[in-house]
Amino acid sequence: MDPRFAAPSAEAPSTEAPSTEAPSTEAPARSAADMRLALDERSTAMMQQINVWRDELIAWFKTLFSAAIYATLIVTFGFQVARVEGQSMAPTLEDQDRLIVNKFVYRVSTPRRGDIVMLYYPLNPDKSFVKRVMAEEGDTVRIVDGRVYINDAPMPDSFVAPEFRSHDDFGPTVVPEGYYFVMGDHRNNSSDSRHWGFVPKKYIIGKVQLRWWPIPTAHVF
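Computed from a predicted model, the values in this text were never measured in an experiment.

Engineer: I'm lost on the pattern of salt bridges in this one. Help?
Structural biologist: Side-chain pairs of opposite charge can arise whenever the charged atoms involved come near each other. Under the criterion given, the structure shown has 12 salt bridges. Residue Arg113 is joined to Asp139 by a salt bridge in which the shortest nitrogen-to-oxygen separation is 2.9 Å. With Arg113 in the loop between helix H2 (105-108) and strand E3 (116-121) and Asp139 in the loop between strand E4 (124-135) and strand E5 (140-144), the pair connects residues that are 26 residues apart, well separated along the chain. Judged by its relative accessible area of 38%, Arg113 falls in the partly exposed class.

In structure tokens:
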């Protein structure tokens, strides 16, 4: 047969349906899970850090509170920092010297002759002085031309500079029970028991234990 008159091809057209498979969502789902996991990890780390800060803050407040309690107890019952004002104890103590006062020592003992003490001013207890104990209760005090005698024996006074000696007379008088007679080492520039009388023991704050400032002249008494 003449090829020009050949019948058209009877091959059936392709009926394969187009693919309906949904696009894969596995990768985006995995990324969202990773993000949630990362957020959870960051939240956990932040909470842990907050807990650490909280614990440190609580510990700091506990330490501060304990320090305040200890400081209060020390100042009340143990030691006190004081500052010299004036020249009444020169040359032993100078103006603006810084001192440590032992307040505990006289809870278990009594002041002794020669002790340098911090005391409340008997005429105005709002003020405090630093003086030296010269006589205890029951002692007889007499001053002749500036020289102090206790029970008729001269009181050692090598701590008094020659230019600071006084030439006054006082007594004799007996120190009452529970009282003390005090004087400044600068005898001609000191307001003390010669002027305002005896000091009750309850007015003696403590013993001057240490001069810590100025450092070059630091000294334990």
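More follows now that the structure is in view.
Engineer: Explanation requested: a nonpolar patch on the surface in the structure shown.
Structural biologist: A surface patch of nonpolar side chains, amounting to about 520 Å² of accessible area, comprises Met46, Met47, Ile50, Val52 and Trp53. Structurally, Met47 is set in helix H1 (residues 26-78). The class for Met47 is partly exposed, based on a relative accessible area of 47%.

Engineer: How should I be thinking about the confidence of the model for the protein chain in this particular structure?
Structural biologist: Note: predicted coordinates in regions of low pLDDT should not be interpreted at a detailed level. For the protein chain, the mean per-residue pLDDT works out to 83, and 80% of the residues sit at or above 70. Scored below 50 in pLDDT, residues 1-15 shows zero contacts in the model against residues more than four places distant or in partner chains.

Engineer: Help me understand the environment of Gln209, please; the structure alone is not making it clear to me.
Structural biologist: For Gln209, the location among the structural elements is in strand E11 (residues 204-213). Given a relative accessible area of 22%, Gln209 falls into the partly exposed group. In this structure, the C-alpha to C-alpha distance between Gln209 and Val220, residues 11 residues apart in sequence, is 5.9 Å. Among residues more than four places away in sequence, those in contact with Gln209 are Ile100, Val101, Asn102, His219, Val220 and Phe221. Separated by 2.9 Å, the side chains of Gln209 and Asn102 make a polar contact.

Engineer: Could you clarify how one ought to interpret the packing of aromatic side chains in this entry?
Structural biologist: For any pair of aromatic rings, geometry is given as the distance between the ring centres together with the angle between the planes. With the rule as written, the count across this model stands at seven aromatic pairs. Summarising the aromatic geometry, the rings of Tyr121 and Phe129 are spaced 4.7 Å apart at their centres and angled 35° between planes, so their arrangement reads as tilted. Given a relative accessible area of 14%, Tyr121 falls into the buried group. Put simply, the rings of Tyr121, Phe129 and Trp196 pair up and form one aromatic cluster. The ring of Tyr149 carries the charged tip of Arg142 above its face, separated from the ring centre by 4.9 Å.

Thresholds, definitions, all that
Residues numbered from 1 in each chain as written. Predicted model: local features only at pLDDT ≥ 70, side-chain atom pairs only at ≥ 80, totals over all residues. Heavy atoms only, no water. Salt bridge = Lys/Arg side-chain N within 4 Å of Asp/Glu carboxyl O. Helix = DSSP H or I, 4+ residues; strand = E, 2+ residues; numbered from the N terminus. Buried < 20%, exposed > 50% of the residue type's maximum accessible area, 1.4 Å probe, protein only. Patch = residues over 30% accessible without salt bridge, like charges linked within 9 Å, V, L, I, M, F, W, Y side chains within 5 Å. Areas by Shrake-Rupley, 256 points an atom, 1.4 Å probe, with all protein chains shown as cover. pLDDT = per-residue confidence, 0-100. Contact = heavy atoms within 4.5 Å. Polar contact = N/O pair within 3.5 Å; in protein donor to acceptor, adjacent residues only side chain to side chain. Phe/Tyr/Trp six-rings, centres within 6.5 Å; stacked < 30°, edge-to-face > 60°. Lys NZ or Arg CZ within 6 Å of the ring centre and 35° of its normal.

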